[in-house]
Amino acid sequence: IRRDALANDVPGLQYGMAVSEDRHSNAFIVSDCKYGYRGFDDALSVSLINSATSPDPYPERGIQKITLFVGGGSPDCAQMENYATECCRPLIYAAGYRHHGSEPMEKTFVEASGDGIVITSVLPWDKGVIVRVYNTGASVQTAGLAFSSPVSEARRMDLNQNETGIKAEVRDREVLFQVEQYSIAEVKVTF
């Protein structure tokens with residue numbers, strides 16, 4: 001959500017970002033557990049303790065563990081969303097046994113392309129996966145999903161996983177489809 005300068009806290013799930021007037025750079029604060037961000041009077045802040053008195057008179061008393069990341073960089077919203085997700089949700093892995101495989105270790109299962117396109121979830125189903133993406137930009141974008149395996153079919157779904165009849169194009173290992181500005185889209189992919 002783009003907002004003008006405001007002297008109140010506004011909600012943000014992972015970060016607050018201030019974009020320069022020339023729109024070439026940003027400053028940001030990422031938090032793993034705090035949600036009240038403020039951008040006002042040439043300052044960017046996040047409320048760490050904001051104790052209420054009702055219904056719980058002691059909601060934030062005691063030891064607090066808060067992780068913050070502060071920095072600057074590109075004003076690209078999708079890039080910022082991916083960075084904030086990396087900061088707040090560190091990589092979880094499970095150790096396995098050594099085995100032979102046919103793919104290189106640096107290969108990824110699915111990768112998104114398109115200005116402002118971010119993958120939010122990948123859900124398995126019996127013949128493939130369901131991938132949900134969103135568009136952080138102010139214009140319609142073509143989302144590209146590049147898979148490590150050839151795709152036999154892709155169907156656009158609504159958020160209740162019903163087919164929409166909207167076209168999703170398949171090109172060997174890639175699926176292409178349109179995503180409206182500031183919108184979520186879902187596609188069911190069969191391998």
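Going by the structure above, here's the rest.
**Student:** Which residues make up the overall build of the chain, and what values do they have?
**Tutor:** What the chain contains, in helices and strands, is 1 helix and 14 strands. Seen through its principal axes, the chain has C-alpha atoms that stretch 55 × 45 × 35 Å. Within the span of the chain, comprising 191 residues, buried residues form 28% of the whole. If you take every contact in the chain between residues at least 6 apart in sequence, the share linking residues at least 24 apart comes to 63%. As displayed, the chain has an accessible area near 13000 Å², and 51% of this comes from carbon and sulfur atoms. Within the chain, one finds 18 positive and 25 negative side-chain charges whose respective centroids are separated by 5 Å.

**Student:** How would you explain the packing of aromatic side chains if you had to name every residue and give the values?
**Tutor:** The final tally for this structure, using the stated rule, is 4 aromatic pairs. Taking 5.3 Å as the distance between ring centres and 65° as the angle between the ring planes, the aromatic pair formed by Phe28 and Tyr83 counts as edge-to-face. One end of the pair, Phe28, is in strand β3 (residues 26-31); the other, Tyr83, is in helix α1 (residues 77-88), with 55 residues separating them in the sequence. Looking at Phe28, the relative accessible area reads 7%, which means it is buried. A relative accessible area of 34% places Tyr83 in the partly exposed class. Between Phe147 and Phe191, the aromatic rings sit 5.4 Å apart at their centres with planes inclined by 75°, giving edge-to-face as the arrangement.

**Student:** Could you give me a rundown of the pattern of salt bridges, with the residues and numbers involved?
**Tutor:** Opposite charge on two side chains allows them to pair when their charged atoms are near. Considering all chains together, one arrives at 6 salt bridges under this definition. Put simply, Arg38 and Asp9 hold a salt bridge, and the shortest N to O gap is 3.0 Å. With Arg38 in strand β4 (residues 36-40) and Asp9 in strand β1 (residues 6-11), the pair connects residues that are 29 residues apart, well separated along the chain. Given a relative accessible area of 29%, Asp9 falls into the partly exposed group.

**Student:** Residues and numbers for the nonpolar core, please.
**Tutor:** Residues Val133, Leu145, Phe147, Val175, Phe177 and Val187 are the most contacted members of the largest nonpolar core, which totals 17 residues. Elements supplying a minimum of two residues to this core: β9 (128-135), β10 (141-147), β13 (174-179) and β14 (184-190). Ignoring sequence-local partners within four residues, the contact set of Leu145 consists of Val110, Glu111, Ala112, Ile119, Val131, Val133, Arg173, Glu174, Val175, Phe177 and Val187.

**Student:** Which residues make up a nonpolar patch on the surface, and what values go with them?
**Tutor:** Judged by side-chain polarity, Leu48, Ile49, Leu68 and Val70 come together as a nonpolar surface patch covering roughly 350 Å² of accessible area. In this structure, Val70 sits in strand β6 (residues 68-73). On the basis of relative accessible area, Val70 is assigned to the exposed category, the value being 70%.

**Student:** Let's hear about the layout of surface pockets: which residues, and what values?
**Tutor:** Reported here for the second largest pocket is a volume of approximately 190 Å³. Every residue lining the second largest pocket is listed: His99, His100, Gly101, Ser102, Glu103, Pro104, Met105 and Lys107. Within the lining of the second largest pocket, the residues separate by chemical class into 2 nonpolar, 4 polar and 2 charged.

**Student:** Let's hear about the environment of Thr120: which residues, and what values?
**Tutor:** Following the sequence through the fold, Thr120 ends up in strand β8 (residues 117-125). For Thr120, a relative accessible area of 43% gives the class partly exposed. In this structure, the C-alpha to C-alpha distance between Thr120 and Asn162, residues 42 residues apart in sequence, is 18 Å. For Thr120, the residues in contact, after removing those within four places along its chain, are Arg132, Val133 and Tyr134.

**Student:** Describe in detail the sheet that holds β14, supporting the description with residues and values.
**Tutor:** Read across the open sheet, the 4 strands follow the order β8-β9-β14-β11; overall the sheet is antiparallel. A strand with exactly one partner marks an edge of an open sheet, and here the two such strands are β8 and β11 (153-157). Neighbour-to-neighbour, the strand axes of the sheet open up by a mean angle of 25°, direction not taken into account. Where β8 lies against β9, 8 bridges are found, and the strand directions are antiparallel. Residue pairing across strands places Leu123 opposite Ile130, the latter belonging to β9.

Basis of the calculations
- Residues numbered from 1 in each chain as written.
- Predicted model: local features only at pLDDT ≥ 70, side-chain atom pairs only at ≥ 80, totals over all residues.
- Heavy atoms only, no water.
- Helix = DSSP H or I, 4+ residues; strand = E, 2+ residues; numbered from the N terminus.
- Buried < 20%, exposed > 50% of the residue type's maximum accessible area, 1.4 Å probe, protein only.
- Contact = heavy atoms within 4.5 Å.
- Areas by Shrake-Rupley, 256 points an atom, 1.4 Å probe, with all protein chains shown as cover.
- Lys, Arg positive; Asp, Glu negative; His and termini not counted.
- Charge placed at Lys NZ, Arg CZ, Asp CG, Glu CD.
- Phe/Tyr/Trp six-rings, centres within 6.5 Å; stacked < 30°, edge-to-face > 60°.
- Salt bridge = Lys/Arg side-chain N within 4 Å of Asp/Glu carboxyl O.
- Core = buried A, V, L, I, M, F, W, Y, C linked by side-chain atoms within 4.5 Å.
- Patch = residues over 30% accessible without salt bridge, like charges linked within 9 Å, V, L, I, M, F, W, Y side chains within 5 Å.
- 1 Å grid on protein atoms, 1.4 Å probe; cavity = no way out; pocket = protein on both sides within 12 Å on 5 of 7 lines; lining within 4 Å.
- Points joined across faces, edges and corners; volume = space filled by probe spheres on them.
- Nonpolar A, V, L, I, M, F, W, Y, C, P; charged D, E, K, R; others polar.
- Pairing = 2+ DSSP bridges.
- Axes fitted to C-alpha atoms, helices over the stretch in contact; angles between N-to-C directions.

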